[in-house]
There are 2 protein chains.
Amino acid sequence: MKPVVVVHGGAGSIVKEYEEGYISGVSQAALKGYEALKNGSNALKAVEEAVIVMEDDPHFNAGYGSVLNQEGDIEMDAIIMDGKNLMSGAVSAVRCIANPITLARLVMEKTDHVLLTCKGASQFAKSQGIPEVPTAKLITERSRERWKKNLAPGSNPLKLQLGLGTVGAVAIDGEGNVACATSTGGISNKMVGRVGDTSCIGSGGYADNAIGAVSTTGDGESIMKVVLARLILYHMEQGKTPEEATDAGLDYMKTRVDGYGGAIVINHRGEWAARFSTKQMTWAAVKDGQLQTGVYQGKVETETENPRDDHLHLH
Amino acid sequence: MKPVVVVHGGAGSIVKEYEEGYISGVSQAALKGYEALKNGSNALKAVEEAVIVMEDDPHFNAGYGSVLNQEGDIEMDAIIMDGKNLMSGAVSAVRCIANPITLARLVMEKTDHVLLTCKGASQFAKSQGIPEVPTAKLITERSRERWKKNLAPGSNPLKLQLGLGTVGAVAIDGEGNVACATSTGGISNKMVGRVGDTSCIGSGGYADNAIGAVSTTGDGESIMKVVLARLILYHMEQGKTPEEATDAGLDYMKTRVDGYGGAIVINHRGEWAARFSTKQMTWAAVKDGQLQTGVYQGKVETETENPRDDHLHLH
């Protein structure tokens, strides 16, 4: 099986001035995941590494750069899933760590549980030697400004949310294992303790070697109501291509619960799709050493890696 | 449409001395839900009322009588879902309230969110005027003893968990609306912040008027890995009866992730099933004024209500 990595940097409406930063961010994430696969890492490691790149990048609403809740605090959700055995790890409403996706992976590997929340997730992080990062160090000027604007009477946090994206990755490795990872700061000015789709298995992501893997983004509450990631995989089980299955899932979410979003999808043959019902979604994919990126409906940019260059990079 | 209510009091292995109490508890819960439907309440109200009966009953691992986490504290999860519009409300790791299912319903009705966790859920409960109940008042002697035994070196919490069941209900009302509700204290001696399947939409429950409703119980981490409630409904969408669909879901969970559990299921025609892959599951159902209960595989007790008696009761 040829290795493939697809990542997204969130569905919504991109602010033009940040577009280049987003595309650069998802490209670096996808190349990082692909490099891991080329170096023999499995799909699970590849999606974790790709997501870490975006958690560390202030452009994205995950890790550093996460949006603030109504109290001005950062509470993050993340999930990772291994398609080989359906093992999964997730955290919800976790505070004061740089990389929630790594903590989710540790929940999967070091506990008998699938999901740890809030204070319990922090206790576990400490027990694993993960350094505590003060919330102030995870806040960007942009997140804080957005939060302040949302506090004004008559503001529309959902509108101001636009362009602040959840991140995610799906991959298939040389042995045919698929995996998914998703990480987010949630919705700006959300209620304390609000948990969205990301940490909810089947909604924010799902991976099964027999079918494929999905990572979702968009209106979290709508994604949960239709259990979007699992829904897309059911359509693939029924014979649809990744593109057809994703469109069917997104169409159903729009008509049934008036919800908009996007997803990156890979099937067990390495065919992939990046689809969205929102205005935009930043994404990047690497297959056969070729990097493709996109932001707008129907538009794909393609760059080819230098085959002589061992270390993959952007040209 | 004839109203129908089905409830469960948890899958596992029932301690003989409590069997009568369990059967009485699920019977009262089912009759309470059925009475609500007969009095014109919708399916959503019926499942909430049925679950409250079991949360208040110390036999069950939900509300009063919940198991203790590793620190001797009680953290509860609950979900409720309305099949009409896929609206849902849930809470996870919530402390110090008597009826998590009612808080879940308020999350659905009073917020823009689907799931609130931990401290945020408590803050919301307070804002809704829900009285705070000290953890000590939710603890039964039996839960505390179990917890203490599990602290001993070499103990097996999962074995001692047997017979302490999550509770749940599904219903269909006169207008053909279906709903589900599930509530639990989780696993005895669980890590602080462990969240299981119950509050995870699609795993602990799912309801869709176009298909039916499901509430699950059993090995929570396994239920999450296969997104059991939604899986059972997919099988029903493919034409299976509630019984066939539930068995297919439970069989898959057993073979794919070595997990055991049970589910109560109703379809949009009011046909229902109560099935389990564990040794036992306490359940009760009321349809056509007839109460049926069960604990063991293949054994059903039937009692008929007195048609002259306005107030349904056990004979």
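Here, the structure is the one placed above.
Residues numbered from 1 in each chain as written. Chains lettered and ligands numbered in written order. Predicted model: local features only at pLDDT ≥ 70, side-chain atom pairs only at ≥ 80, totals over all residues. Heavy atoms only, no water.

Re the overall build of chain A
Piece 1. Regarding its fold elements, chain A presents ten helices and 14 strands.
Piece 2. For a compact globule of 315 residues, the expected C-alpha radius of gyration is about 20 Å, and chain A comes in at 18 Å, within 12% of that figure.
Piece 3. Here the C-alpha coordinates of chain A stretch approximately 50 × 40 × 40 Å along the principal axes.
Piece 4. Taking as baseline every contact in chain A between residues at least 6 positions apart, the subset at least 24 positions apart corresponds to 65%.
Piece 5. Accessible area of chain A: about 11400 Å², with a carbon and sulfur share of 47%.
Piece 6. For chain A, the separation between the mean place of its 31 positive charges and that of its 38 negative charges on side chains is 4 Å. (Helix = DSSP H or I, 4+ residues; strand = E, 2+ residues; numbered from the N terminus. Rg over C-alpha atoms; globule rule 2.2 N^0.38 Å. Contact = heavy atoms within 4.5 Å. Areas by Shrake-Rupley, 256 points an atom, 1.4 Å probe, with all protein chains shown as cover. Lys, Arg positive; Asp, Glu negative; His and termini not counted. Charge placed at Lys NZ, Arg CZ, Asp CG, Glu CD.)

As for the interface of chain B and chain A
Piece 1. In this complex, chain B contributes 46 residues to the contact, which on the side of chain A involves 46 residues.
Piece 2. Counting the surface lost from both chain B and chain A, the interface buries some 3700 Å², and carbon and sulfur atoms represent 63% of this.
Piece 3. Our count for the contact surface shared by chain B and chain A stands at two salt bridges.
Piece 4. Across the pair Asp208(B) and Arg256(A) runs a salt bridge whose closest N-O atoms are separated by 2.9 Å.
Piece 5. Applying the counting rule to chain B against chain A returns 17 residue pairs in polar contact (both at pLDDT 80 or more).
Piece 6. The element that contributes the greatest number of residues to the side of chain B that touches chain A is helix α4 (residues 118–127) of chain B, accounting for five residues.
Piece 7. When the residues that make up the side of chain B that touches chain A are grouped by side-chain class, the tally is 23 nonpolar, twelve polar and eleven charged.
Piece 8. The sheet contact formed by strand β4 (residues 115–117) of chain A and strand β7 (residues 194–195) of chain B spans two bridges and is antiparallel. Looking at β7(B), one finds that Leu116(A) is bridged to Arg194(B). (Buried area = accessible area lost by both parts, 1.4 Å probe. Salt bridge = Lys/Arg side-chain N within 4 Å of Asp/Glu carboxyl O. Polar contact = N/O pair within 3.5 Å; in protein donor to acceptor, adjacent residues only side chain to side chain. Nonpolar A, V, L, I, M, F, W, Y, C, P; charged D, E, K, R; others polar. Pairing = 2+ DSSP bridges.)

A few points about the pairing of strand β9 (residues 212–218) of chain B
All names here are of chain B.
Piece 1. For β9, the buried fraction is high: six of the seven residues fall into the buried class.
Piece 2. Sheet topology note: the strand β8 (residues 205–208)/β9 ladder contains four bridges and is antiparallel. Opposite Asp208, over in β9, you have Gly212 as the bridge partner.
Piece 3. Counting the residues between successive antiparallel strands, the hairpin from β8 to β9 contains three residues. (Buried < 20%, exposed > 50% of the residue type's maximum accessible area, 1.4 Å probe, protein only.)

Notes on the relation of the copies chain B and chain A
Piece 1. For the pair chain B and chain A, the superposition axis carries a translation of 0.0 Å, the fit reaches an RMSD of 0.0 Å, and the rotation angle comes to 180 degrees. Look at the turn and shift together and you get a two-fold axis relating the two.
Piece 2. Mapped onto chain A, 100% of the interface residues of chain B again fall at the interface, so both copies present the same surface. (Least-squares fit on C-alpha atoms with pLDDT ≥ 70 in both.)

Here's the deal with the nonpolar core
Piece 1. Formed by 90 residues in total, the largest nonpolar core has its most connected members in Tyr206(A), Leu228(A), Ile232(A), Tyr206(B), Leu228(B) and Ile232(B).
Piece 2. Counting residues in each nonpolar core, the second largest holds 52 residues, with Tyr34(A), Ala43(A), Val47(A) and Val133(A) among its members. (Core = buried A, V, L, I, M, F, W, Y, C linked by side-chain atoms within 4.5 Å.)

Focus on the packing of helix α1 (residues 19–38) of chain A against helix α2 (residues 43–55) of chain A
All names here are of chain A.
Piece 1. Between α1 and α2, whose axes approach to 8 Å, the crossing angle comes to 155 degrees. As summarised for this structure, α1 and α2 are arranged roughly antiparallel, according to the angle between their axes. Classified by chirality, the crossing of α2 by α1 is right-handed. Facing α1, whose interface residues are Gly25, Val26, Gln28, Ala29, Lys32, Gly33, Ala36 and Leu37, α2 presents Ala43, Ala46, Glu49, Ala50, Val53 and Met54. (Axes fitted to C-alpha atoms, helices over the stretch in contact; angles between N-to-C directions. Parallel < 35°, antiparallel > 145°, perpendicular 65-115°, else oblique. Left-handed = near helix turned anticlockwise from the far one by under 90°.)

Let's talk about the environment of His8(B)
All names here are of chain B.
Piece 1. Mapped onto the elements, His8 comes out in strand β1 (residues 4–12).
Piece 2. With relative accessibility at 0%, the residue His8 sits in the buried group.
Piece 3. On a C-alpha basis, the gap between His8 and Ile74 in space is 21 Å, while along the polypeptide they are 66 residues apart.
Piece 4. Excluding anything up to four places from it in sequence, His8 contacts Val26, Met54, Thr166, Val167, Gly168, Ser215, Thr216, Thr217, Ile264, Met281, Thr282 and Trp283.
Piece 5. Among the polar contacts listed, one links the side chain of His8 to the side chain of Ser215, at a separation of 3.0 Å.

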